[in-house]
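Single-letter residue listing:
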Amino acid sequence: DAEHLSDFERYSSAYGLAKLGQEEYAKCFILKLVEDGALEWNKEVRRSLNHHESKQLMTVVLDHLNPDTDDFLKMLKSKSLGSRPKKVTDSITVYFYEILSRWNNPNWFWGEDPGYDQIPKSILKKKEEKKKQGSFYISISKDGSAIDLSKTFGKNAARSEINKAKRFG
């Protein structure tokens, strides 16, 4: 559906729908982690299946596990195929500790600032969710005027997210 929207130059909606598709694949990934015993099935994990930020963090992991061809070739050339970037490690840490652990124990905290990578940090601060929402909805400013962010989503952004969703599938 996102491809059809893109074909009709509805890039904003195509972008948002592709991001939603990625989140659904991330939900499947979380369930696979449970099935394989990497995560324990509990109320927090179940809750995370409907939590956008949890799924967005897992899309960072999925993107690393199944990169696009150009990124894969770069990793081969630099011999970094087996390494795990900080954004991936931090996405896993944020999902497990900042989300699941806090839901289980709201008083839990780090003794020191963990210094997360910018990508998982922005996901945790709901910046990615706001961007996705901006692809679908008109916002209202403090003075009551409409803010249409749909023009900020072009063909390349939509195409990139559609391709990412396809890879996740």
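Residues numbered from 1 in each chain as written. Predicted model: local features only at pLDDT ≥ 70, side-chain atom pairs only at ≥ 80, totals over all residues. Heavy atoms only, no water.

Participant: Where do I start with the side chain of Ser135 in this structure?
Facilitator: Tracing the backbone through its elements, the reader meets Ser135 in helix H8 (residues 127–136). On the accessibility criterion, Ser135 (4% relative accessible area) is buried. A polar side-chain atom of Ser135 sits 2.5 Å from the main-chain carbonyl oxygen of Lys132. Sequence-distant contacts of Ser135, that is, excluding residues within four places in its chain, are made with Ser12, Ser13, Tyr15, Gly16 and Phe153. (Helix = DSSP H or I, 4+ residues; strand = E, 2+ residues; numbered from the N terminus. Buried < 20%, exposed > 50% of the residue type's maximum accessible area, 1.4 Å probe, protein only. Polar contact = N/O pair within 3.5 Å; in protein donor to acceptor, adjacent residues only side chain to side chain. Contact = heavy atoms within 4.5 Å.)

Participant: What is the right way to read the environment of Ile147 from this model?
Facilitator: Along the chain, Ile147 turns up in strand E2 (residues 146–147). Setting aside residues no more than four positions away along its own chain, Ile147 makes contact with Ile138, Ser139, Ile140 and Ser141.

Participant: What should I look at first to understand the pattern of salt bridges in this one?
Facilitator: In the structure shown here, the tally under the stated rule is 15 salt bridges. Between Glu161 and Lys19 there is a salt bridge; the shortest N-O distance is 3.4 Å. Pair noted here: Glu161 is in helix H9 (residues 155–168) and Lys19 is in helix H2 (residues 11–35), with a separation of 142 residues, a long-range link. The same class applies to Glu161 as to Lys19, namely buried. Note that Arg102 is salt-bridged to Glu98, the shortest N-O span being 2.8 Å. Of this pair, Arg102 and Glu98 both sit in helix H6 (residues 86–104), 4 residues apart, which is roughly one turn of that helix. Judged by its relative accessible area of 27%, Arg102 is partly exposed. (Salt bridge = Lys/Arg side-chain N within 4 Å of Asp/Glu carboxyl O.)

Participant: Hey, could you run me through the packing of H2 against H9 in this one?
Facilitator: When two helices pack together, their arrangement is captured by the angle between the axes and the distance separating the axes. One way to put it is that H2 packs onto H9 with a least axis distance of 8 Å and a crossing angle of 20°. With respect to their mutual orientation, H2 and H9 come out roughly parallel. Crossing geometry of H2 relative to H9 is assigned as left-handed. Between H2 and H9, the residues in contact are Tyr11, Ala14, Tyr15, Ala18, Lys19, Gln22 and Tyr25 and Lys155, Ala157, Ala158, Glu161, Ile162, Lys164, Ala165 and Phe168, respectively. Of the residues assigned to the contact of H2 with H9, the class counts are 10 nonpolar, 1 polar and 4 charged. (Axes fitted to C-alpha atoms, helices over the stretch in contact; angles between N-to-C directions. Parallel < 35°, antiparallel > 145°, perpendicular 65-115°, else oblique. Left-handed = near helix turned anticlockwise from the far one by under 90°. Nonpolar A, V, L, I, M, F, W, Y, C, P; charged D, E, K, R; others polar.)

Participant: I tried to follow the layout of surface pockets on my own but got confused; where do I start?
Facilitator: Summary: where empty space remains is shown by rolling a probe the size of a single water molecule over the atoms. The computed volume of the largest pocket comes to approximately 290 Å³. Residue lining of the largest pocket: 16 residues in total, with Lys19, Val60, Ile119, Glu128 and Lys164 positioned closest to the centre. For the lining of the largest pocket, the secondary-structure elements that each account for two or more residues are H2, helix H4 (52–65), helix H7 (118–124), H8 and H9. Broken down by element, the lining of the largest pocket gets its largest block of residues, 4 residues, from H4. Split by residue class, the lining of the largest pocket holds 4 nonpolar, 4 polar and 8 charged. Put simply, the second largest pocket is a space of about 230 Å³. Taken together, 14 residues make up the lining of the second largest pocket; nearest its centre are Arg10, Ser12, Ser13, Ser150 and Lys151. Looking at the lining of the second largest pocket, the elements with two or more residues in it are H2 and H8. Taken together, the residues of the lining of the second largest pocket sort by class into 5 nonpolar, 5 polar and 4 charged. (1 Å grid on protein atoms, 1.4 Å probe; cavity = no way out; pocket = protein on both sides within 12 Å on 5 of 7 lines; lining within 4 Å. Points joined across faces, edges and corners; volume = space filled by probe spheres on them.)

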